[in-house]
Amino acid sequence: MNNMIEIKDLTFEYNREEDGKNIPALSGVDLNIEKGSFTAVIGHNGSGKSTLAKNMNALLLPSGGKVYVNGYDTADESKLWHIRQAAGMVFQNPDNQLVSAIVEDDIAFGPENLGIEPGEIKKRVKESLQAVGMYDYRKKAPHLLSGGQKQRIAIAGVIAMRPECIIFDEPTAMLDPYGRKEVMDTIRKLNKEEGITIILITHFMDEAALADRIVVIDEGKIALDGTPKSVFVQVEKLRKIGLEVPIVTEIAFRLRNKGIHVPEDIISLEEMVNYLCQ
Amino acid sequence: MSIKVENITHIYNEQMPYETTALDHVSVEIESGEFVGIIGHTGSGKSTFIQHLNGLLKPKSGKIYINGIDITEKKVKAPEIRQKVGLVFQYPEYQLFEETVFKDIAFGPSNLGLPQNEIEQRVYEALSLVGLDYREVTDKSPFDLSGGQKRRVAIAGVIAMKPEVLILDEPTAGLDPKGHKEILDMIKKMHKKEKNTIILVSHNMGDIAELSDRIIVMEKGKVVLTGSPKEVFKNADYIESIGLGLPPAMILMRMLKQRGKHVYTDILTIDQAEKQILNLLRSK
Ligand SMILES: Nc1ncnc2c1ncn2[C@@H]1O[C@H](COP(=O)(O)OP(=O)(O)O)[C@@H](O)[C@H]1O
Ligand SMILES: Nc1ncnc2c1ncn2[C@@H]1O[C@H](COP(=O)(O)OP(=O)(O)O)[C@@H](O)[C@H]1O
Ligand SMILES: [Mg+2]
Ligand SMILES: [Mg+2]
């Protein structure tokens with residue numbers, strides 16, 4: 001089985017408490033996420049990204065259709081622990097994800113809840129903190145760390161559960177430029193070196209450009225799906241659904257409109273510089 | 001409305017184990033009608049600094065003059081300062097609380113004791129300044145709006161006080177590209193129309209470079225650099241060394257220069273970068 005996640009004709013509706021109305025958030029979503037891949041999910045606010053993410057680790061269950069995580073049907077309650085262990089989640093605000101007064105306790109929290117024995121927990125705490133480059137901070141209080149550091153601790157907490165897949169829901173939205181870079185470097189390393197499947201929801205197009213694949217969600221449906229190059233070429237379509245393109249793609253687009261034949265697949269700064277210097 | 005900050009220091013949890021000097025002898029002058037951008041990594045003191053400008057925080061030492069009046073003096077009343085200097089916090093939509101958009105925006109003006117028709121007029125004007133349709137949203141619950149709309153309602157609540165200085169703390173954080181652009185366009189439009197003083201705190205170097213007349217760079221509670229965007233970003237290596245980035249257009253130009261191309265590197269916007277590249281291609 002090569003798919004980490006399989007989504008078949010997924011529909012999801014929220015039931016609003018005040019008036020009992022059903023709010024459709026996803027409809028007819030078909031999506032397979034390959035093991036070891038790095039997928040970015042983009043879309044405007046309210047398009048359904050977080051709803052999709054929460055359906056990927058059984059925080060939400062489908063109103064219609066099916067979601068399989070590592071082959072387990074998320075609707076099968078008896079598999080909940082397998083699912084949550086296979087697919088971890090990291091959210092936007094690191095402050096809401098850290099629970100303990102000391103970094104290493106925070107990392108141990110999840111494994112302890114799984115009933116893992118102390119020796120193994122110690123080993124996992126060390127490995128997880130090393131994986132995010134925060135081992136030196138193990139005795140520190142989380143609230144004294146920077147935003148990027150806190151987010152790396154939150155990621156280490158998820159890694160300690162040994163997931164095969166991590167779903168990140170706008171993990172850099174609250175960070176400064178350096179914090180964003182720290183977290184993106186960590187995410188790429190987990191994918192390349194540890195082989196962890198990554199799903200990254202983001203509003204930053206330069207972050208999405210780092211993925212192998214971009215899925216664009218619009219009004220609860222998949223609007224585009226392909227490599228970053230094939231997605232970012234569609235500048236006008238992306239604009240129409242309230243998205244932007246990386247600055248390099250924007251410049252290439254403008255040059256093309258001036259009659260200059262810039263190749264369509266230029267999306268990174270390096271590629272643009274190489275093209276201009278050839 | 002001029003602002004003069006003289007040598008202020010702010011210490012959180014003084015004489016406690018977690019004592020933090022958040023502002024360390026900061027002096028700044030801001031002229032009436034100026035658009036000032038503030039940058040600095042998380043924890044550098046930006047939020048602490050701007051909360052001093054509307055009297056929410058008091059310095060341990062130093063003076064803050066707003067239009068010549070020292071607001072650190074006891075006899076100056078906080079509401080008076082807050083009416084003149086409006087502050088939009090980070091993630092301000094979390095502070096919406098009334099059941100309709102109208103009531104939320106009217107909250108401040110009502111507290112000023114203004115007559116009803118004046119309040120309505122202010123809500124109307126504030127909504128139009130933030131680009132929301134009065135009839136469409138006025139009776140809605142703020143919670144039924146999109147993220148970008150909620151944030152604009154929260155900003156309208158501050159604007160309705162008609163502040164002469166408007167301070168925005170990372171107003172586009174967490175918004176999608178469209179919401180981001182809407183807020184920026186709104187700020188630009190307002191500054192042009194009202195000619196008010198604007199102080200914008202942001203991590204987006206492209207936005208800061210494009211909008212600001214002057215940039216203040218903070219690091220470890222100190223102002224370490226100030227000047228026009230060109231002057232400030234000229235210190236590219238230093239800016240990067242304190243955990244900040246450069247405007248993307250400038251990064252591109254610096255890379256081209258490194259590869260031996262004859263381009264200017266003091267380029268701040270995409271428009272300028274486009275022109276430079278066109279010149280480069282034409283001279284081939
Ligand atoms: N708990 C909820 N109750 C009711 N509606 C919700 C809830 N959460 C999200 N929604 C609605 O579902 C849609 C998709 O939301 P979401 O998945 O959060 O989008 P995104 O993450 O792309 O911003 C939106 O219309 C949103 O208002
Ligand atoms: N309410 C507070 N209590 C204690 N320390 C604080 C408080 N607010 C901020 N600080 C500390 O003051 C310093 C400056 O913080 P802040 O002004 O929020 O910076 P910025 O807005 O640039 O991120 C940081 O070290 C921060 O941890
Ligand atoms: Mg979301
Ligand atoms: Mg701040």
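Thresholds applied
- Residues numbered from 1 in each chain as written.
- Chains lettered and ligands numbered in written order.
- Predicted model: local features only at pLDDT ≥ 70, side-chain atom pairs only at ≥ 80, totals over all residues.
- Heavy atoms only, no water.
- pLDDT = per-residue confidence, 0-100.
- Helix = DSSP H or I, 4+ residues; strand = E, 2+ residues; numbered from the N terminus.
- Contact = heavy atoms within 4.5 Å.
- Polar contact = N/O pair within 3.5 Å; in protein donor to acceptor, adjacent residues only side chain to side chain.
- Phe/Tyr/Trp six-rings, centres within 6.5 Å; stacked < 30°, edge-to-face > 60°.
- Buried < 20%, exposed > 50% of the residue type's maximum accessible area, 1.4 Å probe, protein only.
- Pairing = 2+ DSSP bridges.
- Axes fitted to C-alpha atoms, helices over the stretch in contact; angles between N-to-C directions.

## Some thoughts on the confidence of the model for chain B
Inference 1: Of all residues in chain B, 100% attain a pLDDT of 70 or more, and the chain-wide mean is 92.
Inference 2: Here the prediction assigns the complex a pTM of 0.89, and the interface score ipTM is 0.82.

## What about the environment of D30(A)?
Residue and element names in this part refer to chain A.
Inference 1: The residue D30 is located in strand β2 (residues 22–34) in this model.
Inference 2: D30 sits 91 residues away from I121 along the chain, and the two C-alpha atoms are 37 Å apart.
Inference 3: Here D30 is in contact with I7, K8, D9 and I222, once residues within four sequence places are set aside.
Inference 4: Looking at D30, its side chain comes within polar contact range of the main-chain nitrogen of D9, at 2.8 Å.

## A look at the packing of aromatic side chains
All names here are of chain B.
Inference 1: Within this structure, the stated rule accounts for four aromatic pairs over all chains.
Inference 2: Their ring planes at 85 degrees and their centres at 5.2 Å tell us that F97 and F107 sit as a pair that is edge-to-face. One end of the pair, F97, is in the loop between β6 (85–88) and α3 (101–111); the other, F107, is in helix α3, and ten residues separate them in sequence.
Inference 3: Classification of F97 by relative accessible area gives partly exposed; the value is 47%.
Inference 4: The exposure class assigned to F107 is partly exposed, which follows from its relative accessible area of 39%.
Inference 5: Where Y124 meets Y134, the ring centres are 5.2 Å apart and the plane angle is 55 degrees; that geometry is what we call tilted.

## Description of the sheet that holds strand β3 (residues 35–39) of chain B
All names here are of chain B.
Inference 1: Sheet architecture is open: six strands sit in the order β6-β7-β8-β3-β9-β10, paired in mixed fashion. This sheet does not close on itself; its edge strands, each paired only once, are β6 and β10 (222–227). Mean inter-strand twist for the sheet, computed between neighbouring axes without regard to direction, equals 15 degrees.
Inference 2: Sheet analysis places strand β9 (residues 214–219) next to β10, joined by five bridges and oriented antiparallel. Within β10, the position partnered with M218 by the bridge is V223.
Inference 3: Across the sheet, helix α7 (residues 177–194) lies against β3, β7 (165–169) and β8 (197–201), angled at about 160 degrees from β8, the strand it touches most.

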